[in-house]
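Next come the chains, spelled out residue by residue.
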Amino acid sequence: MKYQRVRGMQDLLPEDQPYWAHVEKACHDLAGRYGFERLEAPVLESTDLFVRGVGDATDIVSKEMYSFVDKGEDALTLRPEFTAGVMRAYIENGMGSRPQPQKLYSFGPIFRRERPAKGRYRQFYQFNAEVIGTPDALADLEIMQIAHGLYSRLGFTNLVFQLNSTGDPECKPRFIQALRDYFTPLMDRLAPLDRERLAKNPLRVLDTKERETLPLLADAPRFVDYLNAACAEHFAELRAYLDDAGIRYEINHRLVRGLDYYTKTVFELWGEGLGAQGALCGGGRYDGLIEALGGAPTPGVGFATGIERIIMSMRELGVQPAPLPRPDVFIAHLGPAAKRVAVQLAAQLRAEGTGVRVAFGARSLKAQMKDADRAGCALALLIGDDEVRDGTVTARDLAHSEQATLARADAAGWIRAHLP
Ligand code: HAM
């Protein structure tokens, strides 16, 4: 084949759509129930927004962005996540002067040039939710509840959050120093990639997958032991809310997440049927992000989930979405005059809200009825020379093999009475 889809990208075919409609509806419903309003920022943003927002030492920014210079010499990037763009929109649209916090959600495509694997794509969709403008740990809880609620509603069980706190600008540097002090004497035993990480982004040594490094992590410093009073209190408050809500979680001292903006809370939800891909969703608090992007100091917390991973797991767990609505009525015709009547009748029925298919071409009644059957239509209207002359249609209930000839004006009523 001359043209193929770009590696790591997918065609979402008609048979995939019931899954997508099912998950998207669950996202919109839940967002509404928690009082989130939709905000859709553009897919393209300035490259610099992500360099500053997500962090230039992260894998996302240093290796995975689809960045280019356009014909007007602007450096642009296909968004590799929602959060930075949502914060840009919050600042640019003066949303800080609206009632706080602002609870905003987005649903759309995200682009990362990662190595494609099961559940890992280069274009994928995220449902993303942010609570902007409050430091309250209740906002962290609500974000975790909406994530948990989404998976529960979709039929996932055994949901357990991985949870950690990554401190604030006061205690984070102390922890990073402790990590350096711990790993530096062990440098010779670290995997080469982790030696590099220790220099550039030491926190990432903690969530390494490198075999040589793993045994060294057992005695590594733990963030919880370095939190200052304010961060420790915030973390304790969130854990108390989670306990009260009956949401299961484990403190994971190795969880740091791959984006630089996090402060305090970080979490992931791991699911079944995902193999090595692990996380169904992830998020956390980012109290310094808006200020770093040029806004007033404003705290925030949020999460995002990949839709493909949800659908993959649904398929593996055998969860069946409801079929999408499709036309119930098929109009068959015999002869050119009948075809013109069929086209008019179809337009009239569609205008009234009925889904209709009209036969293409000029084929035998038998062939047309076969098409009606294949399309899953329950009812057929047949028009031949007699019906054209008399202003009638022959209406057939395909499931019950019933047939009646009626005035064309009565077709809509007959359909309503016979719809399954
Ligand atoms: P993230 O952990 O980079 O967080 O991505 C969130 C979710 O997107 C992942 O848990 C996964 O479900 C999905 N995902 C990530 N990469 C891929 C991929 N290559 N293919 C398929 N699915 C993928 C963020 O993006 C943060 N912006 C979340 C956030 C919002 N934090 C605060 N607010």
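Residues numbered from 1 in each chain as written. Predicted model: local features only at pLDDT ≥ 70, side-chain atom pairs only at ≥ 80, totals over all residues. Heavy atoms only, no water.

Trainee: It is not clear to me how the overall build of the protein should be interpreted in this structure. Could you clarify?
Mentor: Looking only at helices and strands, one finds 14 helices and 16 strands in the protein. The C-alpha radius of gyration computed for the protein amounts to 28 Å, which surpasses the reference 22 Å derived for 420 residues by more than 25%, pointing to a less compact arrangement than a globule. Each principal axis of the C-alpha distribution contributes one length, and for the protein these read about 95 × 50 × 45 Å. The buried share of the protein, reckoned over its 420 residues, is 49%. Accessible area for the protein stands at about 20,600 Å²; split by element, carbon and sulfur atoms hold 51% of it. Put simply, the protein has 52 plus and 56 minus side-chain charges, and the middle of one group is 6 Å from the middle of the other. (Helix = DSSP H or I, 4+ residues; strand = E, 2+ residues; numbered from the N terminus. Rg over C-alpha atoms; globule rule 2.2 N^0.38 Å. Buried < 20%, exposed > 50% of the residue type's maximum accessible area, 1.4 Å probe, protein only. Areas by Shrake-Rupley, 256 points an atom, 1.4 Å probe, with all protein chains shown as cover. Lys, Arg positive; Asp, Glu negative; His and termini not counted. Charge placed at Lys NZ, Arg CZ, Asp CG, Glu CD.)

Trainee: Can you walk me through the sheet that holds strand 15 (residues 392-397) in this structure?
Mentor: One key point about sheets: their strands pair by backbone hydrogen bonds, in either a parallel or an antiparallel sense. Reading across the sheet, the five strands line up as 13-12-14-15-16 and stay open at both edges, with mixed pairing between neighbours. In this open sheet, the two strands that pair with only one neighbour each are strand 13 (356-358) and strand 16 (402-407). Adjacent strand axes in the sheet meet at a mean angle of 25°, parallel and antiparallel pairs treated alike. Running at roughly 165° to strand 12 (residues 329-333), helix 12 (residues 365-374) makes contact with strand 12, strand 14 (379-383) and strand 15 of the sheet. Its contacts with the sheet place helix 14 (residues 411-418) against strand 12, strand 14, strand 15 and strand 16, and it is angled at close to 155° to strand 14. (Pairing = 2+ DSSP bridges. Axes fitted to C-alpha atoms, helices over the stretch in contact; angles between N-to-C directions. Contact = heavy atoms within 4.5 Å.)

Trainee: Quick question: what am I supposed to make of the domain arrangement of the protein here?
Mentor: In many reports, interface size means the accessible area that the parts give up when they come together. Domain boundaries assigned for the protein yield domain 1 (14-171 + 227-316) and domain 2 (329-418). Computed over C-alpha atoms, the centres of domain 1 and domain 2 are 50 Å apart. (Domains from an automatic or database assignment.)

Trainee: When you look at the environment of Ala 139 in this model, what are you seeing that I'm missing?
Mentor: Among the secondary structure elements, Ala 139 is positioned in helix 5 (residues 137-153). Residues Ala 139 and Asp 385, spaced 246 residues apart in sequence, show a C-alpha to C-alpha distance of 69 Å. Setting aside chain neighbours within four positions, we find Ala 139 in contact with Val 131, Thr 134, Arg 285 and Val 301.

Trainee: I would appreciate a short explanation of the site of the ligand in the present structure.
Mentor: The ligand sits among 27 residues. The nearest are Glu 81, Glu 114, Arg 257, Tyr 262 and Leu 280. Leu 280 places a polar main-chain atom, nitrogen or oxygen, 2.8 Å from an oxygen atom of the ligand. At 2.9 Å, a backbone N or O of Gly 306 approaches an oxygen atom of the ligand. Relative to its unbound accessible surface of 660 Å², the ligand loses 96% to contact with the protein. Secondary-structure elements contributing two or more residues to the shell around the ligand are strand 6 (123-132), strand 10 (279-285) and strand 11 (300-306). For the shell around the ligand, the leading source of residues is strand 10, giving six residues. When its residues are assigned to classes, the shell around the ligand shows eleven nonpolar, nine polar and seven charged. (Near = heavy atom within 4 Å. Polar contact = N/O pair within 3.5 Å; in protein donor to acceptor, adjacent residues only side chain to side chain. Nonpolar A, V, L, I, M, F, W, Y, C, P; charged D, E, K, R; others polar.)

Trainee: Looking at this structure, I do not really get unusual backbone geometry. What am I missing?
Mentor: Phi is mostly negative for residues that are not glycine, and the peptide bonds are mostly trans. Residues Gln 100 and Pro 101 are joined by a peptide bond in cis, for which omega reads -5°. Mapped onto the elements of the fold, Pro 101 is located in the loop between helix 4 (83-92) and strand 5 (102-111). Located in the positive-phi region is Glu 73, a residue other than glycine, with phi close to 70°. Positive phi, close to 70°, is recorded for Arg 257, a residue that is not glycine. Mapped onto the elements, Arg 257 comes out in the loop between strand 8 (249-251) and strand 9 (263-270).

Trainee: Would you mind showing me how to read the packing of helix 1 (residues 17-33) against helix 5 here?
Mentor: Axis angle and axis distance: for two packed helices, these are the angle between their axes and the distance between the axes, and together they describe the pair. Close contact between helix 1 and helix 5 brings their axes to 10 Å; oriented N to C, the two are set at 140°. The pairing of helix 1 with helix 5 is recorded here as oblique in orientation. The chirality of how helix 1 crosses helix 5 is right-handed. Contacts between helix 1 and helix 5 involve Lys 25, Ala 26, Cys 27, Asp 29, Leu 30, Ala 31 and Arg 33 on the former and, on the latter, Ile 146, Gly 149, Leu 150 and Arg 153. Class assignment for the residues of the contact of helix 1 with helix 5 results in six nonpolar, one polar and four charged. (Parallel < 35°, antiparallel > 145°, perpendicular 65-115°, else oblique. Left-handed = near helix turned anticlockwise from the far one by under 90°.)

Trainee: Teacher, can you tell me more about the pattern of salt bridges here?
Mentor: A side chain with one charge can pair with a side chain of the opposite charge if their charged atoms come near. Evaluation of the coordinates by the stated rule reveals 25 salt bridges. Asp 48 is the partner of Arg 52 in a salt bridge, and the nearest nitrogen-oxygen pair spans 3.7 Å. Placement of both Arg 52 and Asp 48 in helix 2 (residues 47-54) is noted, with a separation of four residues, approximately one turn of the helix. Among the residues examined, Asp 48 registers a relative accessible area of 41% and is labelled partly exposed. One salt bridge in this structure joins Arg 88 and Glu 92, with 3.0 Å as the shortest N-O distance. Of this pair, Arg 88 and Glu 92 both sit in helix 4, four residues apart, which is roughly one turn of that helix. For Glu 92, a relative accessible area of 59% puts it in the exposed group. It is possible to trace a salt-bridge network through shared partners that takes in Asp 140, Lys 264, Arg 285 and Asp 287. (Salt bridge = Lys/Arg side-chain N within 4 Å of Asp/Glu carboxyl O.)

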